[in-house]
Amino acid sequence: MFGSGVLKGLGVTLKEFLATYIDDIKQVPSRYSGGKEVIDQSNVGEQDGLFTIQYPEERRKLPERFRYIPMLLYETNAETDARDPRCTACGICAKVCPPQCIWIVRDKDENGKPITRPAEFYIDATICMNCGLCAEFCPFDAIKMNHDFEIAAYKRMPHLVFDLDELSVPVSYYARIRPTDYGEEEAVRRAKESEKAAAKPADKPAKPAAAPSAAAASAPAAEAAPAAPVRRSPEEIERLKAEAAARRAAKAEGGEAAPAAPAPAGVSSKRTPEEIERLKAEAAARRAAKAAGEAPPAAEAEAAPAPPPPAPAASTGRNRSPEEIERLKAEAAARRAAKAAQGDKE
Amino acid sequence: MTAPVETVMQTLPFNDAVPGAVLEQAKTGLVVAPDRVLELARYLRDEQGYDYCSMVTSIDWPQYLEVVYYLYGVAQSKEALVLRVRLADKGNPVMPSLTPVWPGADFQEREVYDMMGVRFEGHPNLRRILLWDGFDGFPLRKDYRESYYEEDSKPFKSRHPDGQHNWAEDRAPWKDNVSFPVGWDPDLWTSPQVEYRRIMGVDEGPRNGTDLRTERILVNMGPQHPSTHGVFRMVIAIEGENVVGLEPEMGYLHRCHEKIGERNTYIMNIPFTDRLDYISSMSNNLGYVLAVEKLMGVQVPERAEYLRVIMAEFTRIISHFIAVGFLFNDLGAYFTPALYGMRERELILDLFEGVSGSRMMCNYMRFGGVFADLPEGWIKRARELVWNRLPRVMEEFENLLSGNEIFLTRTRGTGVLTREEAVAYSMAGPMLRASGVPYDLRKVAPYSIYDRFEFDVCSRPEGDVWARFRVRMDEIYQSLRILKQAIEQLPEGPIMPPGKKQYQVRVPAGEAYSRIEGPKGELGFFVVSDGKPNPYRYHVRAPTFINLTSLEKMTIGHKVADAVVILGAIDIVLGEVDR
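Residues numbered from 1 in each chain as written. Chains lettered and ligands numbered in written order. Predicted model: local features only at pLDDT ≥ 70, side-chain atom pairs only at ≥ 80, totals over all residues.

### Overview of the overall build of chain B
Right, on to step 1. In terms of helices and strands, chain B carries 21 helices and 15 strands.
Right, on to step 2. Against the 2.2 N^0.38 benchmark of 25 Å for 579 residues, chain B shows a C-alpha radius of gyration of 24 Å, consistent with a compact globule.
Right, on to step 3. C-alpha atoms of chain B, sized along the principal axes, occupy 75 × 60 × 60 Å.
Right, on to step 4. Buried residues in chain B amount to 50% of all 579 residues.
Right, on to step 5. Of the contacts made within chain B by residues no fewer than 6 positions apart, 67% connect residues no fewer than 24 positions apart. (Helix = DSSP H or I, 4+ residues; strand = E, 2+ residues; numbered from the N terminus. Rg over C-alpha atoms; globule rule 2.2 N^0.38 Å. Buried ≥ 20, exposed ≤ 12 C-beta atoms within 10 Å, placed from the backbone. Contact = placed C-beta atoms within 7 Å.)

### Focus on the overall build of chain A
Right, on to step 1. When helices and strands are tallied, chain A shows eleven helices and nine strands.
Right, on to step 2. Classification of the 346 residues of chain A by burial places 30% in the buried group.

### What about the interface of chain A and chain B?
Right, on to step 1. Across the contact, 47 residues belong to chain A and 44 residues belong to chain B.
Right, on to step 2. Those elements that place two or more of their residues in the side of chain A that touches chain B are α1 (4-26), α2 (92-96), β5 (102-108), β6 (114-124) and α3 (133-137) of chain A.
Right, on to step 3. No other element matches the seven residues that α1 of chain A contributes to the side of chain A that touches chain B.

### Remarks on the domain arrangement of chain B
All names here are of chain B.
Right, on to step 1. Domain boundaries in chain B define domain 1 (2-121) and domain 2 (257-574).
Right, on to step 2. Looking at the side of domain 1 that touches domain 2, the elements with two or more residues in it are β3 (52-60) and α4 (105-116).
Right, on to step 3. No other element matches β3, which puts six residues into the side of domain 1 that touches domain 2.
Right, on to step 4. Considering only residue class, the side of domain 1 that touches domain 2 consists of nine nonpolar, six polar and two charged. (Domains from an automatic or database assignment. Nonpolar A, V, L, I, M, F, W, Y, C, P; charged D, E, K, R; others polar.)

### What to know about the environment of P491 of chain B
Residues and elements named next belong to chain B.
Right, on to step 1. With respect to the helices, strands and loops of the structure, P491 is situated in the loop between α17 (465-489) and β13 (510-518).
Right, on to step 2. Taking the number of C-beta atoms within 10 Å as the measure of exposure, P491 has 9 and is therefore exposed.
Right, on to step 3. In this structure, P491 is in contact with E302, R303 and Y306, ignoring residues within four places of it in sequence.

### Looking at the sheet that holds strand β8 (residues 161-162) of chain A
Two pairing modes exist for strands in a sheet, parallel and antiparallel, and in both the strands are linked by backbone hydrogen bonds.
All names here are of chain A.
Right, on to step 1. Pairing in this open sheet of three strands is antiparallel, and the strands run β5-β6-β8 from one edge to the other. Edge positions in the sheet fall to β5 and β8, since each has one partner strand and no second.
Right, on to step 2. Where β5 and β6 come together, six bridges link them in antiparallel fashion. Residue pairing for β6: I102 is matched across the bridge by I123. (Pairing = 2+ DSSP bridges.)

### Observations concerning the confidence of the model for chain A
Residue and element names in this part refer to chain A.
Right, on to step 1. Of all residues in chain A, 56% attain a pLDDT of 70 or more, and the chain-wide mean is 69.
Right, on to step 2. Averaged pLDDT values over the elements of chain A bottom out at 38 in helix α7 (residues 210-227) and peak at 91 in strand β7 (residues 143-145).
Right, on to step 3. In the model, residues 253-270 has pLDDT below 50 throughout and makes 21 contacts with residues more than four positions away in sequence or in other chains.
Right, on to step 4. In this model, residues 294-319 is a region of pLDDT below 50 whose contacts with residues beyond four sequence positions or in other chains number 47 contacts. (pLDDT = per-residue confidence, 0-100.)

### Describing the pairing of strand β3 (residues 70-76) of chain A
Residues and elements named next belong to chain A.
Right, on to step 1. For β3, a buried count of five out of seven residues is recorded, marking the element as mostly surrounded by other parts of the structure.
Right, on to step 2. Judged from the three bridges that link them, β3 and β7 form a sheet pairing that is antiparallel. Residue pairing across strands places P70 opposite M145, the latter belonging to β7.
Right, on to step 3. Judged from the three bridges that link them, β3 and strand β9 (residues 168-170) form a sheet pairing that is parallel. Within β9, the residue paired with L73 across the bridge is V169.
Right, on to step 4. Relative to strand β4 (residues 83-85), β3 is paired through three bridges, and the arrangement is antiparallel. Looking at β4, one finds that Y74 is bridged to P85.
Right, on to step 5. Counting the residues that bridge the hairpin from β3 to β4 gives six residues, and of these D81 lies at a positive phi of roughly 65 degrees.

### A word on unusual backbone geometry
Residues and elements named next belong to chain B.
Right, on to step 1. Geometrically, the link from K154 to P155 is a cis peptide bond, its omega value of -5 degrees lying close to zero.
Right, on to step 2. By the element assignment, P155 lies in the loop between β7 (119-121) and α5 (168-171).
Right, on to step 3. The phi angle at S448 is positive, at roughly 50 degrees, despite the residue not being glycine.
Right, on to step 4. Here S448 shows up in the loop between α16 (441-444) and α17.
Right, on to step 5. For S448, a count of 17 C-beta atoms within 10 Å gives the class partly exposed.
Right, on to step 6. A positive phi is found at D571, a non-glycine position, where the angle reads about 65 degrees.
Right, on to step 7. In this fold, D571 is placed in the loop between α20 (560-570) and α21 (574-578).
Right, on to step 8. The class for D571 is buried, based on 27 C-beta atoms found within 10 Å.

### A word on the sheet that holds β3 of chain B
Residue and element names in this part refer to chain B.
Right, on to step 1. Strand order across the open sheet formed by five strands is β1-β2-β5-β4-β3, with mixed pairing between neighbours. Each edge of the open sheet carries a strand with a single partner, namely β1 (22-26) and β3. Taking the axes of each pair of neighbouring strands and ignoring which way they run, one obtains an average angle of 25 degrees across the sheet.
Right, on to step 2. In the sheet, β1 pairs with strand β2 (residues 29-32) via four bridges, with the strands oriented antiparallel. The partner of E24 across the bridge, within β2, is V31.
Right, on to step 3. Relative to the sheet, helix α3 (residues 37-47) contacts β2, β4 (65-72) and β5 (81-87), its axis offset from that of β5 by approximately 170 degrees. (Axes fitted to C-alpha atoms, helices over the stretch in contact; angles between N-to-C directions.)

### Focus on helix α9 (residues 281-296) of chain B
Residue and element names in this part refer to chain B.
Right, on to step 1. Taking 1.5 Å as the rise per residue, α9 with 16 residues should run 22 Å; its terminal C-alpha atoms sit 22 Å apart, in good agreement.
Right, on to step 2. Burial within α9 is extensive, with 15 of its 16 residues counted as buried.
Right, on to step 3. G297 lies just past α9 and shows a positive phi near 70 degrees. (Expected span 1.5 Å × (residues − 1).)

In structure tokens, the structure reads:
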């Protein structure tokens, strides 16, 4: 019959139209009462209707492997609260980077001898193609892909050229966003450490003991490997939490105001003193935001107000003066802090 | 590819038929004398059955320029026959065009002219194709340096250990690096319409025995036009509503992917291939790693092979959903079918994101394996899709689309390509199969582990837009069939060959051409290595670029509205067309 195809098609459209509403009604708690902010879409394939989410009020739950701009991990020394970057400035990430968006300056000691630490580390986010090769080939697990994709800024330079401070995040942040990878890497690390620990005492007594010690070393490694679950087990989550708590406690003692980052050794010839000031303020705001994201909800009240100081100094000029940019940045940082804290709560 | 070529050469003494044509039997093909190549080409097509000119490219060797033709026979599934024409005079390289023999060489020869400066005598329309007329130089020559040139090859030395980040714009400000060809003045640029005389034709005066004259008008569809699927321009000569001439203009998205590829190390190229056909990055990855693996000779673990096939087939489904959905968009159904297609695509992209970390720019394949194993829960979600959801959705699609009378009326008999034309124009993929040529590389020349799966080659005899739609829909069913088998059989095991992951792979000197059945057609990667960390020559046979060759042929005689549909049925992606 002429027209039957069209009617059939219209039937499909009507069904789809209704299915979306039915899907929404079935959801508990309802999406539209503000009950949900992060939407896990892993079972969405079983729904019939549309499954769009209403960004930015709602957000997708990102898969762990989601990659955006790289970040640099640092360990926090429990006693001194000093930052200990994992990066050794070996330059493999800069060599493997397809668009060549990574610049590294290796740090030098007092005698001018190069040491295994970056003095400067830049990633140009406008060039970065988010491929993840740097993270894949880093032998020290120092560079990883961040989940934070909301990096819009008014200007390319310098806002989107991230420096060492802006790129640095604590390891605990990494453990939070990519628990599986973190768990696997920690297992390998522990296995290596126990291997070392096993090898050391064996080395001392006599040389012939080396062979059995190697066997002994591989035994704990073999033990440790299966202990590393592909997905985080409840025990491991507990352990990670305890670790994070310990670190937080250590941090609380030191106070947030103890920035351990040493002043960059070689300042880029292009940067004016003002710019450096501004960048520093920016980095501080960022750090505060990160710290807030890391801290438990209770600590957020204390951490969140940290960035605002520059805000009162804001001028009202229409052209965006450096102060204003700074203010905007601080605001953004505060927002980010709030967001991160919220994410934590959730 | 080298060994089979040799065997072919031993059994085919072409010099008996075309004396003096073949100069040398190189390891990588037949070296042909430039003045005899046209004769040899005719002989090969007519007598030897090499009717399908798959790829034309060129290499800038230190002593000469070399134009390379990869020939196949559609009916006989023969191994490739490679013709190599060496042109010693780099200042004025000239050779006869093979477009009269294989019309499919048209755009590809224009590209060689554009990129390498080889002039093809007898070519009907030898103009630059990807670059504009005011472009100075031939970018794929080894001595060419781009505007913000830094070094011949990555990694650049300025990055480490004393990397000072600075901006290309600061190093070489605009205008310091701009040059025009000799005798070219941008201010005196003539109207581009002059170039379209070919399609405008001559005004033939009064027609049909009356005094009424019909005026031909030149209409630009695009580059900013919703129906062109990106920045693509169709220059159409029309008489009333009828299309009498058409000239595709492309290159708005050109970034010289191939030059970038030659600056890159081998592994750096993988994420760049994502950006070719950005709908189907997994397939692009697969094609590229297969080419390099051919040179390296690595053994890919079982599990990785299966994962590759799973990803490639999911990609095919995505691509066909989009093709079908947007075909309807072009037909005036607006976004309803396109969004249904997009919605299913989102679910598959969720899977890609889960395994590779990115939805579209997957960067998933590696030389010898894949980047990462499946995360927990992945197989469950994939099963839900393949066994339940996608078949259900396909049924819905059939209900919504296949029986629609408006659709049938608009597409049946529109943009017909006969079997012979489709082969001559080097059509590939669904375009070729919709013209009644059951030529699917997964069956004809199985790569990866496709020979283990049961599936049918979808083909239709009609050769019109409807047949192309039907072939794509049928291929989705076949992809689901392959996916079911692959997911069922997915073995446990490693995903990379043993040994440490290398970021600086060693690729022995040589030449490899790998072709896979991408969602849009034969996707080929041509890699020449000289043993250094960077490829000496890197060329992509982009299926949609070559499929556009027949656009003019298909469109002439139809209405303007049909031109949109015919273009939609080719399913172009400008990231790949322009490269």
